[in-house]
Amino acid sequence: NTTVARLDIPTTSESASSIVALPGDWDVIFRSQPCLPLKTGSKALEGHMAGGRLAFRPPSTLFLSSGDYHWDSTNHPVALADEMDNDYGKVIAIELDSGDTERYAYGFRNPQGIIIDAQGRLWTSEHGPRGGDELNLIHKGANYGWPRETLGTTPVKTPWPLTENYGRHDRSSQPIYAWLPSVGLSNLTQID
């Protein structure tokens, strides 16, 4: 699973190298649920598909991008991103003051970037399957399609197995931009 933890750093610390922290010093504020079992196929744990980027919206909301760990009905028989009973393939809102969490948006494969722009809008960048990398403007409660809609293909260039209308992205929130072929998106940075 993916865990977000907080460490209170004394204001007297002069540098990061002077900080010593033991496991019990960290305060876990979020842990994705359920804990995924190891797969029995070729890759037991696909952490490279975990997302895990953070963005902060004052006064106390932390957004986490959570990937699907390749639980997408092709690499594993179960697709998690479009089901609301788990934290995978979601953007999670974490209220730091109360500890409350919310599945803010869903339908993501591997969101590697997340940012809040100068207008307060939330954006993600997402790795698609062999094409279909996306830039998404995130709206609360919206479904971004994965794994039922993608502009990407399988590794052998055939349509993604779950897509019903290949080459379209019209049943869920459309990306603002999609790269075909993929460019391998990473984190997002706002330049003023």
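Rules of the game
Residues numbered from 1 in each chain as written. Predicted model: local features only at pLDDT ≥ 70, side-chain atom pairs only at ≥ 80, totals over all residues. Heavy atoms only, no water. Helix = DSSP H or I, 4+ residues; strand = E, 2+ residues; numbered from the N terminus. Buried < 20%, exposed > 50% of the residue type's maximum accessible area, 1.4 Å probe, protein only. Polar contact = N/O pair within 3.5 Å; in protein donor to acceptor, adjacent residues only side chain to side chain. Contact = heavy atoms within 4.5 Å. 1 Å grid on protein atoms, 1.4 Å probe; cavity = no way out; pocket = protein on both sides within 12 Å on 5 of 7 lines; lining within 4 Å. Points joined across faces, edges and corners; volume = space filled by probe spheres on them. Nonpolar A, V, L, I, M, F, W, Y, C, P; charged D, E, K, R; others polar. Pairing = 2+ DSSP bridges. Axes fitted to C-alpha atoms, helices over the stretch in contact; angles between N-to-C directions. Phe/Tyr/Trp six-rings, centres within 6.5 Å; stacked < 30°, edge-to-face > 60°. Lys NZ or Arg CZ within 6 Å of the ring centre and 35° of its normal.

With respect to the side chain of threonine 61
Structurally, the position occupied by threonine 61 is in strand S4 (residues 61–66). Judged by its relative accessible area of 11%, threonine 61 falls in the buried class. At 2.5 Å, the side chain of threonine 61 forms a polar contact with the side chain of glutamate 95. Discounting residues that sit within four places of it in the chain, threonine 61 has contacts with Ala55, Phe56, Ala93, Ile94 and Glu95.

Looking at empty space enclosed by the protein
Tallied over the full model, the rule gives two cavities of 30 Å³ or more. The volume enclosed by the largest cavity comes to roughly 60 Å³. Grouping the amino acids of the lining of the largest cavity by side-chain chemistry returns three nonpolar, six polar and four charged. Looking at the second largest cavity, its volume works out to about 40 Å³. Around the second largest cavity, the lining residues are Arg148, Glu149, Thr150, Thr163, Glu164, Asn165, Tyr166, Gly167, Arg168 and Arg171.

Points about the sheet that holds strand S5 (residues 90–95)
Taken in spatial order, the four strands line up as S3-S4-S5-S6 in an open sheet, and their pairing is antiparallel. Looking at the sheet topology across the chains shown, the edges are occupied by strand S3 (51–57) and strand S6 (101–106). Each strand of the sheet is rotated relative to its neighbour by a mean of 25°, with strand direction disregarded. With five bridges joining them, S5 and S6 adopt antiparallel strand pairing. From the neighbouring strand, isoleucine 94 faces S6, where its bridge partner is threonine 101.

Re the packing of aromatic side chains
This model, assessed by the stated rule, comprises five aromatic pairs. Between tryptophan 146 and tryptophan 160 the ring centres are 4.8 Å apart and the planes differ by 45°, which places this aromatic pair in the tilted class. In this pair, tryptophan 146 is assigned in the loop between strand S9 (133–138) and strand S10 (177–179) and tryptophan 160 in the loop between S9 and S10, connecting sequence segments 14 residues apart. For tryptophan 146, a relative accessible area of 3% translates into the label buried. According to the relative accessible area criterion, tryptophan 160 is buried, its value standing at 4%. Aromatic pair tyrosine 177 and tryptophan 179: ring centres 4.8 Å apart, planes at 65°, arrangement edge-to-face. Among the residues examined, tyrosine 177 registers a relative accessible area of 46% and is labelled partly exposed. The cationic tip of arginine 109 hangs over the ring face of tryptophan 146; the distance from NZ or CZ to the ring centre is 5.5 Å.

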